[in-house]
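Coordinate inspection notes
If you want the building blocks of each chain, they are given just below.
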Amino acid sequence: MQNERKPLYMQIQQHFKDMILQGMLRENDKIPSEKELMEQFDVSRITVANALMQLAKDGWIYRIPGRGSFVSEGISELLQRHQGSAAPDGGPWTVLDGNFGALTHNVTSFGGALTDAQQGGSEAGIQAPGRKTIGLVMPMLVDYFAIRLLQGINNIIADSPYSLQIVLTYNSIDREKEAINDLIRKGAAGLIIFPCDAETYNEEILSLKMRGYPFVLIDRYLPGVATNLSRSDGLIGGQLAIDYLWGLGHRDIAICSDSPLPTITVEERINGYMEALKQKEAMINPALILTDFDVDYREIDKKHPLYRFIKNQIATAYITLNGRLGLHIYSICKELGLKVPEDVSILTFDDPSPGLHEWGYFSHISQSEIEMGEAAARILLDIFQKPDAKDSGYTKVILEPKLIESQSTGPLRKRTT
């Protein structure tokens, strides 16, 4: 609804700022022509001209008469100057690093504080006077999925008598244990836990269940263990991805993770991928299931198996199990001179863009993370309001993922030999 109030030329400006912030456009990269932008956004020439003029005035691009518009050579300095600038309207977070390597959080609007569990989890922040605390334990804040999840939680908690304290565990079970114990010791009324990627359960979560302590798991769950839960259906998400790309003519479809850990989230999505192929009576090629390596997002490693896989054009389409990996594959394609979506289609789980406008670049499987966060917060607040209903069972909210089609995917093109 916010987009409808924002002038179109400002939405176009934001679109290109997002692409630059995400590293999809870099120094001296050419911006599409005015005619191409008019067609892409279905707007008039004056609207496009106003957008480009303001981008140039603000230092994001430079313009050469007769040649077009290009990303400014000093864009890295501009990005550094934007450190600390505001995030999406109404949000308490700032996203600055173009590779999503750093997020700055202003959690004062939560009424609580952000804690870094890397420092041992010993400081859980200061509880707002007269307000009880809800603890949010999560692995990292490195993408817009996490930010939108927070937004959903905050939408519900903001009008409640509770403040929110956030602890980052850096995907460490030991830090997760410390965070849970520390928050409880400091009087948290309940917890929302985004479990770490791990091959084994965190015993502390099982202990919370045995003690009847109020908590909700979000995004991930513990197979075979009944708990309060808010998540998306990864199996359906994997099927959606295959059905869509198959309909575009793709047959060599790779599915990629950035970690070799066999987590339940990865397993569900790959099961959906394989089930959809089985329904189409297609062969399942194990070589297209790329889950046996870690990805270092700090650089493009030409010796990495993923780089070599893309270079050899073994797949025509990629399903990435998170948005950050989609951005990384896009960057590799760009370095290799492969065009997206003409040469390679990329479909991500979760939108790697801020979602401030309707022109997000990446086609993606949306997990409705704002709704997921809202559901988790509602479940916890309901537990607080009905403490005697603990024995009535657990509440599970399983959201159906949605396919959002955009510009990073396209019909299969025949390769020239």
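Our structure's up above, just so we're on the same page.
The following paragraphs examine the structure supplied in this document. In this text, all values refer to a predicted model and were calculated from it rather than measured experimentally.

**Regarding the overall build of the protein chain**
Per the secondary structure count, the protein chain includes 13 helices and 17 strands. Of all 417 residues assigned to the protein chain, the portion counted as buried reaches 54%. Summarising the internal contacts of the protein chain: among those between residues at least 6 apart in sequence, 72% fall at separations of at least 24. Working note: accessible area of the protein chain is about 19400 Å², and carbon and sulfur atoms make up 49% of it.

**Comments concerning the layout of surface pockets**
A volume near 1000 Å³ is recorded for the largest pocket. If you go around the largest pocket, you meet 35 residues; those closest to its centre are M140, V142, D258, N322 and R324. Taken together, the elements giving at least two residues each to the lining of the largest pocket come down to α6 (144-157) and α10 (264-279). In terms of residue count, the dominant contributor to the lining of the largest pocket is α10 (three residues).

**Side note on the pattern of salt bridges**
Under the definition given, this model contains 14 salt bridges. K334 is paired through a salt bridge with D29; the nearest N and O atoms lie 2.1 Å apart. One end of the pair, K334, is in helix α12 (residues 323-336); the other, D29, is in the loop between α2 (8-21) and α3 (34-41), and 305 residues separate them in sequence. Given the relative accessible area of 17%, D29 is considered buried. Notably, a salt bridge pairs R413 with D343, separated by 3.6 Å at the nearest N-O pair. Highlighted residues: R413 in the segment after β17 (402-404) and D343 in the loop between α12 and β14 (345-349), separated in sequence by 70 residues. Owing to a relative accessible area of 48%, R413 belongs among the partly exposed residues under this scheme. What emerges from the salt-bridge pattern is a single network uniting E34, R45 and R63.

**Comments concerning the environment of L168**
In this structure, L168 sits in strand β7 (residues 162-168). Judged by its relative accessible area of 7%, L168 falls in the buried class. Along the sequence, L168 and V137 sit 31 residues apart, while their C-alpha atoms lie 6.2 Å from each other.

**With respect to the pairing of strand β6 (residues 132-138)**
Summarising burial for β6: six of the seven residues are buried, a large majority. Relative to β7, β6 is paired through seven bridges, and the arrangement is parallel. For T133, the partnering residue across the bridge sits in β7 and is S163. Where the polypeptide runs from β6 across α6 and back to β7, its parallel neighbour, the crossover connection is right-handed. Both β6 and strand β8 (residues 190-193) contribute to a ladder of four bridges, which runs parallel. Bridging from a neighbouring strand, G135 pairs with L191 of β8.

**Side note on the sheet that holds strand β12 (residues 289-290)**
Sheets are built from strands paired through backbone hydrogen bonds, the pairs being either parallel or antiparallel. Pairing within the open sheet is mixed, and its six strands lie in the order β12-β11-β13-β14-β15-β17. The open sheet terminates on both sides in strands that have one partner only, identified here as β12 and β17. Relative to β17, strand β15 (residues 363-366) runs antiparallel, the two sharing three bridges. In the strand pairing of β17, I365 is matched with L403. Taken strand by strand, α10 contacts β11 (253-256), β12, β13 (317-320) and β14, and its axis lies near 170° from that of β11. On top of the sheet, α12 reaches β11, β13 and β14; it is set at about 160° to β14, its chief contact.

**A few points about the pairing of β8**
Look at any regular strand and the pattern is simple: side chains alternate between the two faces of the sheet. With burial as the criterion, each face of β8 is covered, one bearing G190 and I192 and the other bearing L191 and I193. Note: β8 against strand β9 (residues 215-218), three bridges, orientation parallel. Bridge pairing links I193 to L217 in β9.

About the thresholds
Residues numbered from 1 in each chain as written. Predicted model: local features only at pLDDT ≥ 70, side-chain atom pairs only at ≥ 80, totals over all residues. Heavy atoms only, no water. Helix = DSSP H or I, 4+ residues; strand = E, 2+ residues; numbered from the N terminus. Buried < 20%, exposed > 50% of the residue type's maximum accessible area, 1.4 Å probe, protein only. Contact = heavy atoms within 4.5 Å. Areas by Shrake-Rupley, 256 points an atom, 1.4 Å probe, with all protein chains shown as cover. 1 Å grid on protein atoms, 1.4 Å probe; cavity = no way out; pocket = protein on both sides within 12 Å on 5 of 7 lines; lining within 4 Å. Points joined across faces, edges and corners; volume = space filled by probe spheres on them. Salt bridge = Lys/Arg side-chain N within 4 Å of Asp/Glu carboxyl O. Pairing = 2+ DSSP bridges. Right-handed = clockwise from strand over helix to strand, strands pointing away. Axes fitted to C-alpha atoms, helices over the stretch in contact; angles between N-to-C directions.

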